[in-house]
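As a plain string of letters, each chain reads:
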Amino acid sequence: MVSIGRFAPSPTGDLHFGSLLAAVASYLQAKSCGGQWLVRIEDIDPPREVPGSAAGILQDLERFGMHPDREVLYQSTRTGAYELAINKLLDSGLAYWCGCSRSEIPASGIYPGTCRYGLPPGKTARSVRLRVSDKIIRFNDAIQGLVAENLAETVGDFVIKRADGVAAYQLAVVVDDAFQGITEVVRGADLLDSTARQVYLQQLMGFKTPLYAHHPVITDAKGRKLGKRYGSDPITSLSPLQVLRRALVALAQPCPALAGMDELWHWALRNWQLSRIPAVRELILNPSDSE
Ligand code: GLU
């Protein structure tokens, strides 16, 4: 079976170092074993979208020499598929309408189940929530190891259709990973906490669970994510070769002093080993490590 990986950026700004890392890791993992690498633009959240961002991200990927193997999929073209999936879950009683507003959710973030057995008097339907069961969801992350989570204890019934009518990220990502036949999801460990919800949705919808691999998110010595702070640094002020070197170092791969981008890609593809990436959620990167 051919592996199919993907990079799924949200067009909320420029490609920053944090998301570039997910692009490079997913690309190397798929292509180093002869698989395909796809790009999906997650543009279903109009309030957060920055005009021109999707085009900029795609241009940057090209600049770095990463070309998707199929046409780019835009989530904005997929609203019918999400609506269908949500209605199926509602019809089968696995999901329900909720009338609670954000201010009614306790500080723990765990939904208390107010509308679980029907809308209480005086409430009107706003969002759709998935009924979670009080059981442990397990998956074996290829980097982080075994993960076990009881959704009833960590999030409670979660939103799959938002009050503004937009399909929630958790639902859309699961529908599209299945639609695109994704067999491996390589992305930053900031999304590790979403994965049990996605695995649960896959189980309910009869989809196969892909292999998950969550690489550490890079921070500075104070624990701040480098994504934004480095936003204008490696992507724009360093050469693509320097940025790729920095990305390889951040992914714990050896990085020889090769002079050309093509040479470095070839070398990286031949020598890529996911198992070198440490099983931590955050990693401090000293920018000079790659120089
Ligand atoms: N669109 C998400 C983001 O940019 C990533 C989704 C995913 O990889 O599952 O953070």
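Above this note sits the structure.
Treat the numbers as computed from the prediction; the structure is a model and nothing was measured. (Residues numbered from 1 in each chain as written. Predicted model: local features only at pLDDT ≥ 70, side-chain atom pairs only at ≥ 80, totals over all residues. Heavy atoms only, no water.)

Asker: Got a minute to help me understand the overall build of the chain in this structure?
Answerer: Secondary structure summary: the chain contains 10 helices and 12 strands in total. Rg of the C-alpha trace for the chain: 20 Å, near the compact-globule value of 19 Å for 291 residues, within the 12% margin. Counting only C-alpha atoms, the chain reaches 70 × 40 × 35 Å along its principal axes. When each of the 291 residues of the chain is scored for burial, the buried share is 50%. The contacts in the chain between residues at least 6 apart in sequence include a share of 74% that link residues at least 24 apart. Accessible surface for the chain amounts to roughly 13400 Å². Of this, 53% is attributable to carbon and sulfur atoms. Taken as two groups, the 31 positive and 30 negative side-chain charges of the chain have centres that lie 4 Å from each other. (Helix = DSSP H or I, 4+ residues; strand = E, 2+ residues; numbered from the N terminus. Rg over C-alpha atoms; globule rule 2.2 N^0.38 Å. Buried < 20%, exposed > 50% of the residue type's maximum accessible area, 1.4 Å probe, protein only. Contact = heavy atoms within 4.5 Å. Areas by Shrake-Rupley, 256 points an atom, 1.4 Å probe, with all protein chains shown as cover. Lys, Arg positive; Asp, Glu negative; His and termini not counted. Charge placed at Lys NZ, Arg CZ, Asp CG, Glu CD.)

Asker: For this particular structure, what's the right way to read the packing of aromatic side chains?
Answerer: Two aromatic rings are characterised by how far apart their centres lie and by the angle between their planes. Taken as a whole and assessed by the stated rule, the structure comprises three aromatic pairs. A centroid spacing of 5.1 Å and a plane angle of 85° characterise the contact between Tyr27 and Trp37, whose relative ring orientation is edge-to-face. Taken as a pair, Tyr27 in helix 1 (residues 17–31) and Trp37 in strand 2 (residues 36–41) lie far apart in primary sequence, 10 residues in all. Take Tyr27 and Trp37: they sit in the same class, and that class is buried. Cluster of aromatic residues (ring-pair linked, three or more members): Tyr27, Trp37 and Trp265. Its end group placed over the ring of Tyr111, Arg129 keeps NZ or CZ at 3.7 Å from the ring centre. Positioned above the aromatic ring of Phe158 is the side chain of Arg197, whose terminal nitrogen or guanidinium carbon lies 5.9 Å from the ring centre. (Phe/Tyr/Trp six-rings, centres within 6.5 Å; stacked < 30°, edge-to-face > 60°. Lys NZ or Arg CZ within 6 Å of the ring centre and 35° of its normal.)

Asker: What am I meant to see in the site of the ligand here?
Answerer: Near the ligand, the surroundings consist of Arg6, Ala8, Pro9, Ser10, Glu42, Tyr169, Val173, Arg187 and Leu191. Between the ligand and Ala8, the relevant distance is 2.7 Å, taken from a nitrogen atom to a main-chain nitrogen or oxygen of the residue. A distance of 2.8 Å separates an oxygen atom of the ligand from a polar side-chain atom of Tyr169. Coverage of the ligand by the protein chains reaches 77% of its 300 Å² of free accessible surface. Residues of the shell around the ligand, tallied by class, amount to five nonpolar, one polar and three charged. (Near = heavy atom within 4 Å. Polar contact = N/O pair within 3.5 Å; in protein donor to acceptor, adjacent residues only side chain to side chain. Nonpolar A, V, L, I, M, F, W, Y, C, P; charged D, E, K, R; others polar.)

Asker: I would appreciate a short explanation of the nonpolar core in the present structure.
Answerer: One broad rule of soluble globular proteins: the nonpolar side chains tend to lie buried together. Grouped together as the largest cluster of nonpolar side chains are 42 residues, with contacts concentrated most on Phe17, Val24, Trp37, Leu61 and Met66. Contributions of two or more residues to this core are made by helix 1, strand 2, helix 2 (53–63), helix 9 (240–250) and helix 10 (261–271). With residues near it in sequence (within four places) discarded, Met66 still touches Leu20, Ala23, Val24, Tyr27, Trp37, Leu61 and Trp265. The next biggest cluster of nonpolar side chains, apart from the first, holds 35 residues, and it includes Ala85, Ala167, Val174 and Ile182. (Core = buried A, V, L, I, M, F, W, Y, C linked by side-chain atoms within 4.5 Å.)

Asker: Can you walk me through the sheet that holds strand 3 (residues 73–74) in this structure?
Answerer: The pairing of strands in a sheet comes from backbone hydrogen bonds and takes either a parallel or an antiparallel form. One open sheet holds the three strands; their spatial order is 1-2-3, and the pairing between them is parallel. This sheet does not close on itself; its edge strands, each paired only once, are strand 1 (4–7) and strand 3. Two strands pair when backbone bridges link them, and strand 1 and strand 2 are joined in this way by four bridges, in the parallel orientation. From the neighbouring strand, Ile4 faces strand 2, where its bridge partner is Gln36. (Pairing = 2+ DSSP bridges.)

Asker: Looking at this model, I keep getting lost on the packing of helix 1 against helix 10. Mind explaining?
Answerer: Remark: helix 1 packs on helix 10, axes separated minimally by 8 Å, with the N-to-C direction vectors making an angle of 65°. Remark: the crossing between helix 1 and helix 10 carries right-handed chirality. Of the residues in helix 10, those in contact with Val24, Tyr27, Leu28 and Lys31 of helix 1 are Trp265, Ala268 and Leu269. Tallied by class, the residues present in the contact of helix 1 with helix 10 amount to six nonpolar, no polar and one charged. (Axes fitted to C-alpha atoms, helices over the stretch in contact; angles between N-to-C directions. Left-handed = near helix turned anticlockwise from the far one by under 90°.)

Asker: Explanation requested: helix 5 (residues 169–179) in the structure shown.
Answerer: Residues three or four positions apart in an α-helix share a direction because the helix packs 3.6 residues into each turn. Across the 11 residues of helix 5, eight count as buried, placing the element largely inside the fold. Listed as buried for helix 5 are Gln170, Leu171, Ala172, Val173, Val174, Val175, Asp176 and Asp177. Phi turns positive, to about 70°, at Gly181, one or two residues after helix 5.

Asker: Whenever I open this one, helix 3 (residues 79–91) confuses me. Can you help?
Answerer: The end-to-end C-alpha distance of helix 3 is 18 Å, a good match for the 18 Å that 13 residues give at a rise of 1.5 Å each. For helix 3, every residue scored as buried is listed here: Tyr82, Ala85, Ile86, Leu89 and Leu90. The arc that holds every buried residue of helix 3, seen down its axis, measures 135°, which confines them to one face. Opposite the packed face of helix 3, turned more than 90 degrees from it, sit the exposed residues Leu84, Lys88 and Asp91. In this structure, the buried side of helix 3 is in contact with strand 4 (95–98), strand 5 (127–130), strand 8 (158–161), helix 5 and helix 6 (192–205). Positioned one or two residues after helix 3, Gly93 has a phi angle of 80°, which is positive. (Expected span 1.5 Å × (residues − 1). Arc of directions from axis to C-beta.)

That is the geometry; function is a separate question.
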